[in-house]
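The chain contents come next:
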Amino acid sequence: MSNRGFYICNPATRQCITLPLNLVGANVVALYRHSSSGEYRVLYRNWIDLYPDVAYYVLTVGSYAEPRCIGLPTAAAPALVKQYIAAGQLFVTERPPVFLHSCLHWIVYSARVNALVVFDTVAESFRCMCPPTAENGLWRHLHELDDTLGMSYIDERKMMVKLWVLQDYEMEVWSLKYKIELPMAELRSIDKNCSFKVSVVLGNGDVLVSCSRLCHLYHCDNMGKLLQKFRWHCVFSRPIGHCFKESLVRHAFFQGQDNYHVVKPIFQWS
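Residues numbered from 1 in each chain as written. Predicted model: local features only at pLDDT ≥ 70, side-chain atom pairs only at ≥ 80, totals over all residues. Heavy atoms only, no water.

**Q** Any chance you could explain the overall build of the protein here in plain terms?
**A** Counting secondary structure elements, the protein contains two helices and 19 strands. For the protein, the proportion of its 270 residues judged to be buried stands at 47%. Restricting the contact set of the protein to residue pairs at least 6 apart, pairs at least 24 apart contribute 46%. For the protein, the computed accessible surface area is about 14,600 Å², with 52% contributed by carbon and sulfur atoms. (Helix = DSSP H or I, 4+ residues; strand = E, 2+ residues; numbered from the N terminus. Buried < 20%, exposed > 50% of the residue type's maximum accessible area, 1.4 Å probe, protein only. Contact = heavy atoms within 4.5 Å. Areas by Shrake-Rupley, 256 points an atom, 1.4 Å probe, with all protein chains shown as cover.)

**Q** How should the sheet that holds strand S8 (residues 103-107) be read in this particular structure?
**A** Hydrogen bonds along the backbone pair up the strands of a sheet, which may run parallel or antiparallel. If you trace the four strands from one edge of the open sheet to the other, you get S7-S8-S9-S10, paired in antiparallel fashion. Pairing within the sheet leaves two strands with one partner each, and these edge strands are strand S7 (98-100) and strand S10 (125-129). When strand polarity is set aside, the average angle formed by the axes of neighbouring strands in this sheet is 30°. As judged from the three bridges shared by S7 and S8, these two strands associate in the antiparallel manner. Bridge pairing in S8 places Leu 100 opposite Cys 103. (Pairing = 2+ DSSP bridges. Axes fitted to C-alpha atoms, helices over the stretch in contact; angles between N-to-C directions.)

**Q** Sorry, what's going on with the side chain of Thr 74 here?
**A** The residue Thr 74 is located in the loop between strand S6 (68-71) and helix H1 (79-86) in this model. Judged by relative accessible area, Thr 74 falls into the buried class, the value being 4%. Contacts of Thr 74, omitting those with residues within four sequence positions, involve Lys 82, Ile 85 and Phe 126.

**Q** How should I be thinking about the pairing of S10 in this particular structure?
**A** Here strand S9 (residues 116-120) runs beside S10; their pairing, made up of five bridges, is antiparallel. Paired with Phe 119 across the two strands is Phe 126, which belongs to S10. The turn linking S9 back onto S10 is made up of four residues, and Glu 124 within it adopts a positive phi angle of 55°.

**Q** Can you walk me through the state of the cysteines in this structure?
**A** Chemically, a disulfide is nothing more than a covalent bond linking the sulfur atoms of two cysteines. Here the structure, examined in full by the defined rule, presents zero disulfides. Left without a disulfide partner, Cys 128 is nearest to the cysteine sulfur of Cys 130, which lies 8.4 Å away. (Disulfide = S-S within 2.5 Å.)

**Q** Mind showing me how you'd approach the nonpolar core here?
**A** In a soluble, globular protein the nonpolar side chains are often hidden away together inside. Within the largest apolar cluster, 39 residues are counted, with the highest numbers of intra-cluster contacts made by Leu 43, Tyr 56, Leu 90, Trp 106, Val 117, Phe 119 and Phe 126. Dropping the residues within four chain positions of it, Trp 106 is found in contact with Val 29, Ala 30, Leu 43, Leu 90, Arg 95, Pro 97, Ala 115, Leu 116, Val 117, Phe 119, Phe 126 and Leu 142. In terms of nonpolar packing, the next biggest core, distinct from the first, is built from 20 residues, Val 165, Tyr 178, Cys 194 and Val 207 among them. (Core = buried A, V, L, I, M, F, W, Y, C linked by side-chain atoms within 4.5 Å.)

**Q** Explanation requested: unusual backbone geometry in the structure shown.
**A** Note on backbone geometry: most residues besides glycine have negative phi, and most peptide bonds are trans. Phi is positive for Glu 124, which is not a glycine, with a value near 55°. Structurally, the position occupied by Glu 124 is in the loop between S9 and S10. By relative accessible area, Glu 124 is classed as buried at 13%. With phi around 55°, Glu 172 is a residue other than glycine that occupies positive phi space.

**Q** Quick question: what am I supposed to make of the side chain of Thr 133 here?
**A** Of note, Thr 133 is situated in the loop between S10 and strand S11 (140-145). What Thr 133 contacts, discounting residues up to four positions off in sequence, is Asn 114, Met 151 and Trp 164.

**Q** Would you mind showing me how to read the sheet that holds S11 here?
**A** Within the open sheet, the four strands sit side by side as S11-S12-S13-S14. Their pairing is antiparallel. Two strands in the sheet have a free side with no partner beyond their single neighbour: S11 and strand S14 (173-181). Averaged over all neighbouring strand pairs, the angle between strand axes comes to 25°, with direction disregarded. Bridge count between strand S12 (residues 148-155) and strand S13 (residues 160-168): six bridges; the pairing is antiparallel. Within S13, the position partnered with Tyr 153 by the bridge is Lys 162.

**Q** Can you walk me through the packing of aromatic side chains in this structure?
**A** Aromatic rings considered in pairs are described by the distance between their centres and by the relative angle of their planes. Applying the stated criterion to the full structure yields four aromatic pairs. An angle of 20° between the planes, with centres 5.4 Å apart, marks the rings of Tyr 44 and Tyr 57 as stacked. Placement of Tyr 44 in strand S4 (residues 40-46) and of Tyr 57 in strand S5 (residues 56-60) is noted, with a sequence separation of 13 residues between them. By relative accessible area, which is 16% here, Tyr 57 ends up buried. (Phe/Tyr/Trp six-rings, centres within 6.5 Å; stacked < 30°, edge-to-face > 60°.)

Right, here's the structure in full:
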């Protein structure tokens, strides 16, 4: 998003387009690829819709059609989760959804309910999943690990990262794969009062841990050994979880049609 408008860009081909004005002022929660049609779609909620008349919409990128209203399809979700979805709280820029099995997955960050929210992009409906642990808190994150769903949790009291993987997606069977003791002495020597969170988990169990107060990022292996540390001077930078898989495919929607406009790159490519 930039200048109150939305853009889609492909850094590999350096192509950009603007999205229609329907999204201005909207609560955009996901961009995903629809498995059967191959279309790229945007899931969003209009802020002008008030509870209990909240509705979600699906916009097909590059289509002539108007966005489709899908309502608030949450019949299988508890009341508290329905309220969470209706309030638009799925939208958290630092915690984008994980896309697996044609579904989008979020953690519910609420003290009142411990659940995962799932949006089935084929059925276009919301449902709930059980998380692997009753441990709650803001320092839980979902990850994609070798085509499986993973969840990390930092126990700051013990300075330990716990990493679960969903072994059986249909039966919702989780297993604790790693318990990583962070190098507390080294991390605390940089800032005694810093809070830490897992920003990225790699397939081999390595983690990137960021500091909440300073511009620091730490790369630790799955045994807790500090491999690298990074610091940005004068710039507050942090990974936000949006992962890009490079592709040189030139999508048709970049050609522009109707309300879509091909634009010169407005971003700084590196």
